[in-house]
Amino acid sequence: HDYEAQQTILEEGIGERVNAEFTIDFEAGLDDSEGRISRHRNTAWAEEFDLVLYNMCFAQMRDDEWVNRLVLEGHVEHGLPAVLLHCAMHSYSYQEGYGEAWEKFMGVRTNSHERHRPFPVEAVDTDHPVMAHFETPWDPPHGELYEIDEVLDTVTPLAEGHGGNTHVVVWVNGFQDVPVFATTIGHHNVTMEHPNYLNLVSAGLLWAAGKLDDEGHPEAGYAREGFGGTAGTSSD
């Protein structure tokens, strides 16, 4: 994962579409898959933000005290919505017997993926407001299809990916009234840079923040000129 580049891809790409101010925790050296973001050592930070976007891969984390504080005392107690991208789904809950709170927060159980290759994506809920800004069907320029072992009953699936098998790749979840938008798409920079991906994530962010109406229109003042723009051309 090229997280150094992706922090810029996401900030600039979403920033062209959404009127948002970003605070980025990029702590170099947390590449051993057991990293702990310093901000999350207590829960006071949760009062400072309207939403958190998670794009990380802490797949070997085995610390339920840490995860419970992050999810239950941070997000749930403060009603703090979230956007989860790609390997966020393999963080905290990857090891069997750990991360139950994170699994419920994201709404799925997964611990593996297919080999790197493009796979087609197709909407399964075209009426959801987030999907008003996603061109479907879509063939991402590159991909890594996550194998979803279980979809919890709090989840609304929005799109599926078709590889060796079919798996949900975009969904929304509500864990204890905390709205979460999630997609397992996004391993490669060329995919994350694509306008269709950035439109999707931007709409998901606004939905989670409560700033997208039932027709997919952003609340006044929250969309920038690039929101919902043409999705059919790649920026690579």
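None of the values given here were measured: they were computed from a predicted structure. (Residues numbered from 1 in each chain as written. Predicted model: local features only at pLDDT ≥ 70, side-chain atom pairs only at ≥ 80, totals over all residues. Heavy atoms only, no water.)

## Focus on the overall build of the protein
At step 1: On a plain count of helices and strands, the protein comes out with five helices and eight strands.
At step 2: The order of helices and strands in the protein, counted from the N terminus, is α-β-α-β-α-β-β-β-β-β-β-α-α.
At step 3: Taken over the C-alpha trace, the protein has a radius of gyration of 16 Å; the compact-globule value for 236 residues is 18 Å, and the two agree within 12%.
At step 4: Along the longest, intermediate and shortest principal axes, the C-alpha atoms of the protein span 45 × 40 × 35 Å.
At step 5: Expressed as a percentage of the 236 residues in the protein, the buried residues total 50%.
At step 6: In the protein, 70% of the contacts between residues at least 6 apart in sequence involve partners at least 24 apart.
At step 7: Carbon together with sulfur atoms contributes 41% to the accessible area of the protein, which is approximately 10600 Å² in total. (Helix = DSSP H or I, 4+ residues; strand = E, 2+ residues; numbered from the N terminus. Rg over C-alpha atoms; globule rule 2.2 N^0.38 Å. Buried < 20%, exposed > 50% of the residue type's maximum accessible area, 1.4 Å probe, protein only. Contact = heavy atoms within 4.5 Å. Areas by Shrake-Rupley, 256 points an atom, 1.4 Å probe, with all protein chains shown as cover.)

## Description of the sheet that holds strand β8 (residues 178-183)
At step 1: On the basis of which strands lie adjacent, the open sheet formed by six strands has the order β1-β2-β8-β7-β6-β4 and mixed pairing. A strand with exactly one partner marks an edge of an open sheet, and here the two such strands are β1 (52-54) and β4 (121-123). The average undirected angle you get between the axes of adjacent strands in this sheet is 20°.
At step 2: For strand β7 (residues 166-175) and β8, the ladder comprises six bridges, and the chain directions are antiparallel. Within β8, the residue paired with V172 across the bridge is F181. (Pairing = 2+ DSSP bridges. Axes fitted to C-alpha atoms, helices over the stretch in contact; angles between N-to-C directions.)

## A short note on the state of the cysteines
At step 1: Here the structure, examined in full by the defined rule, presents one disulfide.
At step 2: At a sulfur-sulfur separation of 1.9 Å, the disulfide partner of C57 is C87. On the criterion of sequence distance, the pair formed by C57 in the loop between β1 and α2 (64-78) and C87 in the loop between β2 (82-85) and α3 (100-106) is long-range, its members being 30 residues apart. (Disulfide = S-S within 2.5 Å.)

## With respect to the packing of aromatic side chains
At step 1: The full count for this structure, using the stated rule, is six aromatic pairs.
At step 2: Measuring from ring centre to ring centre gives 6.5 Å for W45 and F49, while their planes differ by 50°; the resulting arrangement is tilted.
At step 3: Relative to W102, the ring of Y54 lies with its centre 5.3 Å away and its plane at 90°, an arrangement referred to as edge-to-face. Of this pair, Y54 sits in strand β1 while W102 sits in helix α3, and the two are 48 residues apart along the sequence. The same class applies to Y54 and to W102, which are both buried.
At step 4: Joined through ring pairs, the aromatic side chains of Y54, F58, Y92, W102 and F105 make up one cluster. (Phe/Tyr/Trp six-rings, centres within 6.5 Å; stacked < 30°, edge-to-face > 60°.)

## Describing the nonpolar core
At step 1: Y54, V71, L84, M89, Y92, W102 and F105 are the most contacted members of the largest nonpolar core, which has 35 residues in total.
At step 2: When residues in this core are grouped by element, the largest group, five residues, is from α2.
At step 3: Residues within four places of Y92 in sequence aside, it is in contact with M56, F58, M61, W66, V67, L70, Y98, G99 and W102.
At step 4: Core analysis: the second largest hydrophobic core is formed by 32 residues, I9, L10, V18 and W138 among them. (Core = buried A, V, L, I, M, F, W, Y, C linked by side-chain atoms within 4.5 Å.)

By themselves, these are just geometric observations and shouldn't be taken as functional.
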